[in-house]
Amino acid sequence: MPAGLVFSPLHEVHVSAGAGFTDFAGWQMPVRYSSDLAEHHAIRTAAGIFDLSHMAELRVEGPEAAAFLDFALAGKLSAIAIGQAKYSLLLTAEAGIVDDLVVYRRGETDFLVVANAGNHAEALDALRARTGGFTVTVTDESDDTALIAVQGPNARAIVKAVEGIRFQGAAAAVPDAATHAAPDAATHPLDTLKYYWSVDAEYRGRDLFVARTGYTGEDGFELYVPVALAVSLWNDLVEAGEPFGLVPAGLASRDTLRLEAGMPLYGHELGLDTKPAQAGLGRVPNLAKGDFVGRAVLESEARPGSAADTARVLVGLVGEGKRAARADYEIFGPATSGAPAADAAAAGAAPIGAVTSGVLSPTLGFPIAMAYVDPAFAEPGTELTIDIRGKRFAFRVTTLPFYRRKRD
C-alpha cells in the first residue's frame, strides 16, 4: 500500500467488492461500489452497510468525567443516562464550531466521544487542553476500533439475524417511558432500543457496542468492534443481510442521504466561523448549566442588537427541473428562471447567500440544497435564485429536513 495513506481495516474487503475509493481526511475510503443512485435507493427502501472506521473514538473516563464534558462541550452531558447518546458541539472560546460530536454514556464515569475524521486531531487536542482542574483522562481509542453502520428500514432485522452477536439481554434495553417498567425478558433488546440509545453485546467472545444512531435519515445501527474482528463482522452482516436487500454503500450515497435528511456536514454547513444558532443548532448549547467553553460569546450574541442579528443563517432550498445547485454557488433575490446571472450583476444586485451543499434528490426527484442566506431572506416560502453556471434558476426556502422517515 502507498506510504502516507491511511487504510481502513476493511480495505481489502472493499477492494474485493469492486469499490471505488476517495481520499477523505487522509483515509482511503470507498466512495461507491455500484452506483450512487442504487446505493442511495437501497438504503431508503431496504438497507445498506457502511465502513465508518475513519471516525475518531475518544474515551473520557474518571470521577469528574461528566462535569468535565459539561465544561468542554456545549450540551449538558451529565444529564444523560447510562446507555444514552447525545449530539453535542465542541466550541472555541469565540463559540465557533471545532466539531459536532455524538457522545455515549457508557457508565457513571465513562463516556465515548465520537468525532469526525477530519477533526480527529483538533477534537482530541481541544478535549485534552480542557482537562485542567478535572480528575479525568482522555484516551484515543481510534486505532483499536472499527465502526460499521447498517442503515435502512431492514437494519434491525439484519443485525438481529447475525448469529455471532450475543446481546446482554432485554434488561439492557430502555424501560417503558410511561411506566418505567423493564421490558419483557423474552423481547429482543433491539426491539425495545430507542433512537439515540445503545446496548452492549458480544461478538465472537469480544465486546461489541451497538448504538441505534446514524447519519442517513433512516433507522439504523452503528457497531463498534475491535479492529481484529472487523472483517468477520462485516462479512457476517453482509451474509445476514442478503435476504433483506442489504448492499455495501460508499461515501457518495452517504452524502446524498444526509443532505435529504437535513443533517449538517462539517466543512460545508459547519466550521470555525459558524456559530450554533446560525446553523440551526441554537438549542444544542445549554445555557442553564454552569460555565462552558464558548458560553460568554453565546450569551452576548443572544442579546438584541448584537452582530448575530445580521449573520447569515442556514436554510433549506428546493428547486424545479433537474439543475442542482452545488457548494459555493451564489444566491440572489428572485428573477426570471433561466435568465443570465450577469443581468443581476449589471443591475447592481449583490449575492444574499451561498450554497453549502446541493444535489438532485434521488428520493424526491427535484433539486435540494442547504445554504447560508441573509436573515431577511430566510423565511420559508421566500423565492430566491441561484447562479448555476451563468444562469439564474428559481429556488424556494423551505424548512429542514427535506425528507423525514417515520420513527417508532
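On a predicted model such as this, the values are computed, not experimentally measured, just so you know.

Novice: Would you mind going over the packing of helix H2 (residues 36–45) against helix H8 (residues 251–260) in detail, with residue names and values included?
Specialist: Where H2 meets H8, the closest approach of the two axes is 8 Å, and the angle between their N-to-C directions is 50 degrees. Taken together, the axes of H2 and H8 are oblique relative to one another. Crossing hand, H2 versus H8: right-handed. In contact with Asp-36, Glu-39, His-40, Ile-43 and Arg-44 of H2, H8 contributes Ala-252, Ser-253, Thr-256, Leu-257 and Glu-260.

Novice: Summarise the environment of Val-284; cite the residues concerned and give the values.
Specialist: Here Val-284 shows up in the loop between H8 and helix H9 (295–301). Given the relative accessible area of 17%, Val-284 is considered buried.

Novice: Any details on helix H4 (residues 120–129)? Residues and values, ideally.
Specialist: Among the residues of H4, Ala-123, Leu-124, Ala-126 and Leu-127 are the ones counted as buried. Taken down its axis, H4 places every buried residue within 165 degrees of arc, on the same side. Those residues of H4 that are buried are in contact with strand E5 (56–61), helix H3 (65–72), strand E6 (85–91), strand E7 (97–107), strand E8 (110–115) and strand E9 (137–140).

Novice: Lay out H2 with the relevant residues and their values.
Specialist: All of the buried residues along H2 are Glu-39, His-40, Ala-42, Ile-43 and Arg-44. In this structure, the buried side of H2 is in contact with strand E3 (27–32), strand E4 (47–51), strand E10 (145–151), strand E15 (246–248) and H8.

Novice: Describe the sheet that holds strand E1 (residues 6–7), naming the residues involved and giving the relevant values.
Specialist: Strand order in this open sheet of three strands is E1-E3-E2, and the pairing throughout is mixed. A strand with exactly one partner marks an edge of an open sheet, and here the two such strands are E1 and strand E2 (20–24). The sheet contacts of H8 involve E2 and E3, and relative to E3 the element is tilted by about 70 degrees.

Novice: Explain the pairing of strand E13 (residues 206–211) residue by residue, including any values.
Specialist: Inspection of the sheet shows strand E12 (residues 198–203) paired to E13 by six bridges, in the antiparallel sense. The partner of Ser-198 across the bridge, within E13, is Ala-211. Connecting E12 to the antiparallel partner E13 that follows it, the hairpin turn spans two residues, and Arg-204 within it adopts a positive phi of roughly 50 degrees. Sheet topology places E13 next to strand E14 (residues 220–226); three bridges connect them, and they run antiparallel. Looking at the pairing, Phe-209 lines up with Tyr-224 of E14.

Novice: Outline the domain arrangement of the chain, listing residues and values.
Specialist: Split by domain assignment, the chain resolves into domain 1 (6–55 + 144–260) and domain 2 (312–407). Contacts between domain 1 and domain 2 engage twelve residues on the former and 14 residues on the latter. Contact with domain 2 buries area across many residues of domain 1, yet Tyr-195, Leu-259 and Glu-260 alone supply 51% of it, more than any other trio. Our count for the contact surface shared by domain 1 and domain 2 stands at zero salt bridges. Run the count over domain 1 and domain 2 and you get eight residue pairs in polar contact (both at pLDDT 80 or more). Of all elements in the fold, only H2 and H8 reach the threshold of two or more residues within the side of domain 1 that touches domain 2. Broken down by class, the residue content of the side of domain 1 that touches domain 2 amounts to three nonpolar, four polar and five charged.

Novice: Account for the packing of aromatic side chains, with residues named and values stated.
Specialist: In the structure shown here, the tally under the stated rule is six aromatic pairs. With a centroid separation of 5.5 Å and an interplanar angle of 40 degrees, the aromatic rings of Phe-209 and Tyr-224 are classed as tilted. A residue pair is termed long-range when its members are at least 10 positions apart, and Phe-209 in strand E13 and Tyr-224 in strand E14 qualify at 15 residues. A single burial state applies to Phe-209 and to Tyr-224, both of which are buried. These aromatic residues form a ring-pair network of at least three members: Phe-68, Phe-71 and Phe-134.

Definitions and cut-offs
Numbering of residues starts from 1 in each chain and follows the order in which that chain's sequence is written. Totals for whole chains, interfaces and linings use all residues, but because this is a predicted model, local features are given only for residues with pLDDT of at least 70 and pairs of side-chain atoms are given and counted only at 80 or more. Only hydrogens and water are set aside; all other atoms, that is, all heavy atoms of the structure, feed into the side-chain values. Helix axes are fitted only over the stretch in contact, all axes being lines through C-alpha atoms; the angle between N-to-C directions runs from 0 to 180 degrees. Helix numbering and strand numbering both begin at the N terminus, where a helix is a DSSP run of H or I of at least 4 residues and a strand a DSSP run of E of at least 2. Here roughly perpendicular refers to angles of 65 to 115 degrees, roughly parallel to angles under 35, roughly antiparallel to angles over 145, and oblique to all remaining angles. Handedness of a helix crossing follows the sense of rotation of the near helix relative to the far helix, less than a right angle counterclockwise being left-handed and clockwise being right-handed. Any pair of residues with heavy atoms lying within 4.5 Å of one another is described as a contacting pair. Residue exposure (1.4 Å probe, protein chains only): buried if accessible area is under 20% of the type maximum, exposed if over 50%, otherwise partly exposed. Read the arc as the range of directions from the helix axis to the C-beta atoms. Pairs of strands are assigned from DSSP output, requiring at least two bridges between the strands. Where each domain begins and ends is defined by an automated method or by a domain database. Buried area is a sum: the accessible area each of two parts loses on coming together, probed at 1.4 Å, counted once for each and added. Here a salt bridge means any side-chain nitrogen of Lys or Arg lying within 4 Å of a carboxyl oxygen belonging to Asp or Glu. As used in this structure description, the phrase polar contact means that two N or O atoms lie within 3.5 Å; if the pair is within protein, one of them must be able to donate a hydrogen and the other to accept it, and residues adjacent in sequence are counted only when both atoms belong to side chains. Polarity classes work like this: nonpolar for Ala, Val, Leu, Ile, Met, Phe, Trp, Tyr, Cys and Pro, charged for Asp, Glu, Lys and Arg, and polar for all others, with Gly in that last group. Classification of ring pairs rests on two measures: the distance between centres of Phe, Tyr or Trp rings, Trp counted by its six-membered ring, which must be within 6.5 Å, and the angle between planes, read as stacked under 30 degrees, edge-to-face over 60 and tilted in between.

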